[in-house]
Amino acid sequence: MKAAVIQMVSQDEVQANLQRAGALLEQAASGGARLAVLPENFAAMGRKDAAAIGRAEALGEGPILPWLKRAARDLKLWIVAGTLPLPPFGQPDAKAHACSLLIDEHGEVVARYDKLHLFDVDVADNRGRYRESDDYAQGAQVVVADTPVGRLGLSVCYDLRFPELYSALRAAGAELITAPAAFTAVTGAAHWEVLVRARAIETQCYLLAAAQGGAHPGPRETHGHAMIVDPWGRILAEQAQGEALLLAERDIEEQASIRARMPVLSHRRFFSQGALRPAHTSE
């Protein structure tokens, strides 16, 4: 029941990134992992041609999807493919999504999550301005799927700031949640650890937070600190910077005990369901 989280320092050359990702996936399989999570933008960082990359992959002319499927088959490993640009199925000319694919050990795509929250933010770093919506369309669905390590919820990077998504994943049965990311050095130093641990604690899920950790074209510097966090919020494994493979085993009995002793799911009340309403005051 081991899961692996991978940290990379991806550059703008796709084939070189795939070679490095392949070496880390091989380590994951050798370490006994049944599922491995690649970081956001694992195949390319700093590229200006997301639309062209996505169209080529959608038409079967790109290198990334065939490589992922072959790696999963060869290593007998389930892979969460961080993110890659992909238009909607059957619409190769449509705007791409920042897409996280779940690929099974037979090389089949069994789930697709399109990033719901796009990073349109000003940051006090060398780049200063990030506008993911220039290149990507927003996703529209919450995605949970069964895997050999448990029921898996999918999320990506900036999603971590929106706890309602994680509540929805838990309500859909998630036991583990992936969060492949490329947090900036500035926002990561301020918020990364507390966000990852908070999402684990409130959902009582394992958080598999893959990351980019280093310097990239753009220019861009990412925070790193890939980590695996358990349902009590404990960090089981972490890597500050550079390439790394992290492994941890899911303790099913302990997770069940945590959920039984603190049954937050049954206690939760939602504004959207009318259980709670804002108070109205008059002057």
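Residues numbered from 1 in each chain as written. Predicted model: local features only at pLDDT ≥ 70, side-chain atom pairs only at ≥ 80, totals over all residues. Heavy atoms only, no water.

If you check an unreviewed UniProt entry, the protein appears there as Carbon-nitrogen hydrolase family protein from Pseudomonas putida. The heading Sequence similarities (unreviewed entry) in the UniProt record of the protein holds the text "Belongs to the carbon-nitrogen hydrolase superfamily. NIT1/NIT2 family." (UniProt positions renumbered as here; feature names shortened; annotations may be inferred.)

A.B. asks: Would you take a moment to explain the sheet that holds strand E16 (residues 226-229) for this structure?
C.D. replies: Strands in a sheet are paired, the pairing made by backbone hydrogen bonds, and the direction either parallel or antiparallel. Across the sheet, six strands lie side by side as E9-E10-E11-E12-E16-E17; this open sheet has mixed pairing. The two strands at the open ends of the sheet, each matched to only one other strand, are strand E9 (144-147) and strand E17 (235-239). The sheet shows a mean angle of 20° between the axes of neighbouring strands, taken without regard to direction. Relative to E17, E16 is paired through four bridges, and the arrangement is antiparallel. (Pairing = 2+ DSSP bridges. Helix = DSSP H or I, 4+ residues; strand = E, 2+ residues; numbered from the N terminus. Axes fitted to C-alpha atoms, helices over the stretch in contact; angles between N-to-C directions.)

A.B. asks: How do you make sense of the pattern of salt bridges when you look at a structure like this?
C.D. replies: Opposite charge on two side chains permits them to pair, given that their charged atoms come into close proximity. Counted under the stated rule, the structure contains 14 salt bridges. Between Glu243 and Arg20 there is a salt bridge whose closest N-O contact spans 2.6 Å. Here the residue Glu243 occupies a position in the loop between E17 and strand E18 (244-249), and Arg20 occupies one in helix H1 (residues 14-30), the gap between them amounting to 223 residues. Using a relative accessible area of 34% as the deciding quantity, one classes Glu243 as partly exposed. The structure contains a network of salt bridges with shared partners spanning Glu40, Lys115 and Glu132. (Salt bridge = Lys/Arg side-chain N within 4 Å of Asp/Glu carboxyl O. Buried < 20%, exposed > 50% of the residue type's maximum accessible area, 1.4 Å probe, protein only.)

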